[in-house]
Amino acid sequence: MAEFEYRQAEEIRDAFARHGCRYLFIGKSGAILLGFPDTTQDVDLFPEKTRENGRAIIAALAELGFTISGSEAAEIERGKDFVELKKGPFDIDLVFAPDGIERFEDAWKRRVEVEGFPVCHPDDIIASKVAARRKKDQESLPRLMSFREYWKQRH
């Protein structure tokens, strides 16, 4: 499995902007865009959960080269909590209901803009990983928390 690359984030940012999508980078891909020195295999996005936004995301993903099945399109349109997409140039997880974050609007207000990338605030990325309680997240949390403190001092 290939690692997340900055180029992929640029492609997403540009295609999603052309289609008017509202979303945030979240998870390790979001942390990496903030400067966290780590790797991940996929792109994690926290999209706004509206039918209109779902349709825009489907169009943007098609432009990027993703093959979206009818059932996947329906899941995206209705904002299913988690949609994993692997039939494209790279892997994307759409997380419409990330653990530890109540509402998209709240996270949107706290977002950090990095070179045109809308990224969840480090506090939200950490809250999501803590709430998910996955073993792989628990292992990376101390480093991510340390990075958050470093990031806050610089910003």
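Residues numbered from 1 in each chain as written. Predicted model: local features only at pLDDT ≥ 70, side-chain atom pairs only at ≥ 80, totals over all residues. Heavy atoms only, no water.

Q: Mind showing me how you'd approach unusual backbone geometry here?
A: When glycine is set aside, most residues are seen to have a negative phi, and most peptide bonds are trans. The backbone of Glu115 shows a phi angle near 50°, a positive value even though the residue is not glycine. Looking at the secondary structure, you find Glu115 in the loop between strand 5 (112–114) and strand 6 (117–119). With a relative accessible area of 59%, Glu115 lands in the exposed category. Positive phi values are uncommon outside glycine, yet Arg133 reaches one of about 60°. As for its position among the elements, Arg133 is in the loop between helix 6 (122–132) and helix 7 (135–154). (Helix = DSSP H or I, 4+ residues; strand = E, 2+ residues; numbered from the N terminus. Buried < 20%, exposed > 50% of the residue type's maximum accessible area, 1.4 Å probe, protein only.)

Q: Teacher, can you tell me more about the environment of Phe66 here?
A: Examined against the element boundaries, Phe66 turns out to sit in the loop between helix 3 (51–64) and helix 4 (70–78). Residue class for Phe66 comes out buried when judged on its relative accessible area of 6%. Taking the C-alpha atoms as reference points, Phe66 and Ser140, 74 residues apart in sequence, are found 30 Å from one another. For Phe66, the residues in contact, after removing those within four places along its chain, are Leu61, Leu85, Lys87, Gly88, Pro89, Phe90 and Ile92. (Contact = heavy atoms within 4.5 Å.)

Q: So what exactly am I meant to see when it comes to the packing of aromatic side chains here?
A: On inspection of all chains with the given rule, the structure shows nine aromatic pairs. Taking 5.8 Å as the distance between ring centres and 85° as the angle between the ring planes, the aromatic pair formed by Phe25 and Phe117 counts as edge-to-face. Here the residue Phe25 occupies a position in strand 1 (residues 23–26), and Phe117 occupies one in strand 6, the gap between them amounting to 92 residues. One exposure class covers both Phe25 and Phe117, and it is buried. Taken together, a centroid distance of 6.3 Å and an interplanar angle of 40° make the contact between Phe147 and Tyr150 tilted. In this pair, Phe147 and Tyr150 both sit in helix 7, three residues apart, roughly one turn of the helix. Phe147 gets classed as buried once you look at its relative accessible area, which sits at 8%. Connected via pairs of aromatic rings, a cluster forms that spans Tyr6, Phe16, Tyr23, Phe25 and Phe117. Sitting over the face of the ring of Trp108, Arg22 holds its NZ or CZ atom 4.4 Å from the ring centroid. The ring of Trp108 has Arg111 sitting right over it, with the charged end atom 3.9 Å from the ring centre. (Phe/Tyr/Trp six-rings, centres within 6.5 Å; stacked < 30°, edge-to-face > 60°. Lys NZ or Arg CZ within 6 Å of the ring centre and 35° of its normal.)

Q: Would you take a moment to explain the nonpolar core for this structure?
A: One recurring pattern in soluble globular proteins: nonpolar side chains tend to sit buried together. Among the nonpolar cores identified, the biggest contains 47 residues, and Ile12, Phe16, Phe25, Leu61 and Leu94 are the most heavily contacted of them. If you tally residues by element for this core, the top one is helix 3, at six residues. (Core = buried A, V, L, I, M, F, W, Y, C linked by side-chain atoms within 4.5 Å.)

Q: How do you make sense of the pattern of salt bridges when you look at a structure like this?
A: Close approach of charged atoms allows side chains of opposite charge to pair. Counted under the stated rule, the structure contains 23 salt bridges. For Lys28, the salt bridge goes to Asp38, with nearest N and O atoms at 3.3 Å. Taken together, the residues Lys28 in helix 2 (residues 27–34) and Asp38 in the loop between helix 2 and strand 2 (43–47) connect sequence positions 10 residues apart. With relative accessibility at 18%, the residue Lys28 sits in the buried group. One salt bridge in this structure joins Asp106 and Arg103, with 3.0 Å as the shortest N-O distance. When its relative accessible area of 45% is taken as the criterion, Arg103 is described as partly exposed. Taken together, the shared-partner salt bridges in this structure form one network comprising Asp123, Arg148, Glu149 and Lys152. (Salt bridge = Lys/Arg side-chain N within 4 Å of Asp/Glu carboxyl O.)

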